[in-house]
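# Structure assessment
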2 protein chains.
Amino acid sequence: LSETDTTFIRGSSLPWTQLEPGVRRQILGHGDDLMMVSVEFEKGALGKLHHHPHRQVTYVARGTFRVTIDGRDETLRQGDCFYVAADLLHGVEALDDGTLIDVFTPAREDFLPA
Amino acid sequence: LSETDTTFIRGSSLPWTQLEPGVRRQILGHGDDLMMVSVEFEKGALGKLHHHPHRQVTYVARGTFRVTIDGRDETLRQGDCFYVAADLLHGVEALDDGTLIDVFTPAREDFLPA
């Protein structure tokens, strides 16, 4: 991501960071209060249960996911969405290859290069 | 949108609000500080230039858009993103049928039913 322009962001030009096996993340547009990231999953890959104080809203851009939030789980598909209030335990399992668009407020500064 | 559950949001079950000609909006997950909406455009439809104090980040989920922010314009495609800082004038033109996923902080309370 260019440090000089986070206004127009071209997914094809951005680096990916490998996370868990079969999971990689790309940081899209962001400012102090708002950050969008794309997360690609291979079928069967997990986003392990975790929590953070940031509020999160996620769009299912591709694929099918089993999503767990605060002990409830549902299966969501392309065009669906989930919202995670502050500090709620949440995670996903990719039932097919898929992509989630995660958005956080405030920004996840822990995702940015030091 | 169920008033009792904004945690798991199924796009297929949500109402659409018609906006400008060829433009309709669906409110996805939201809380006080964060709101995600889906906006569908027919080819040639416009999201007219406007501004608001909310910070906005948008994912191009489908289609190709000419995006104008603060007097600059670029053409963005599926997988691209744009970020709009507070109060910047911005708008889009749909060059094909397409879908934008807009996310705001704080929430756009003006979008919610009274």
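Attention in this report is confined to the structure presented alongside it. (Residues numbered from 1 in each chain as written. Chains lettered and ligands numbered in written order. Predicted model: local features only at pLDDT ≥ 70, side-chain atom pairs only at ≥ 80, totals over all residues. Heavy atoms only, no water.)

### Focus on the interface of chain A and chain B
- With 36 residues of chain A in contact, the opposing surface of chain B contributes 36 residues.
- Carbon and sulfur atoms make up 63% of the surface buried where chain A meets chain B, a total of about 3,000 Å² over both sides.
- Looking at the side of chain A facing chain B, the largest losses of area belong to Phe8, Leu34 and Tyr83 of chain A, adding up to 24% of the total buried there.
- Between chain A and chain B we count 6 salt bridges in total.
- For Glu74 of chain B, the salt bridge goes to Arg10 of chain A, with nearest N and O atoms at 2.5 Å.
- Our count for the contact surface shared by chain A and chain B stands at 13 residue pairs in polar contact (both at pLDDT 80 or more).
- For the side of chain A that touches chain B, the elements supplying multiple residues, two or more each, are strand S1 (8-9), strand S3 (23-30), strand S6 (55-62), strand S7 (64-69), strand S8 (72-77), strand S9 (81-84) and strand S11 (98-105) of chain A. (Contact = heavy atoms within 4.5 Å. Buried area = accessible area lost by both parts, 1.4 Å probe. Salt bridge = Lys/Arg side-chain N within 4 Å of Asp/Glu carboxyl O. Polar contact = N/O pair within 3.5 Å; in protein donor to acceptor, adjacent residues only side chain to side chain. Helix = DSSP H or I, 4+ residues; strand = E, 2+ residues; numbered from the N terminus.)

### Remarks on the nonpolar core
- Formed by 23 residues in total, the largest nonpolar core has its most connected members in Met36, Val57 and Val103 of chain A together with Met36, Val57 and Val103 of chain B.
- When contributions to this core are tallied by element, the ones reaching two or more residues are S6, S9 and S11 of chain A together with strand S6 (55-62), strand S9 (81-84) and strand S11 (98-105) of chain B.
- Element by element, the count of residues in this core is highest for S6 of chain A, at 3 residues.
- For Val103 of chain B, the contacting residues outside a window of four places in its chain are Leu34, Met36, Val57 and Val103 of chain A together with Leu34, Met35, Met36, Arg55, Gln56 and Val57 of chain B. (Core = buried A, V, L, I, M, F, W, Y, C linked by side-chain atoms within 4.5 Å. Buried < 20%, exposed > 50% of the residue type's maximum accessible area, 1.4 Å probe, protein only.)

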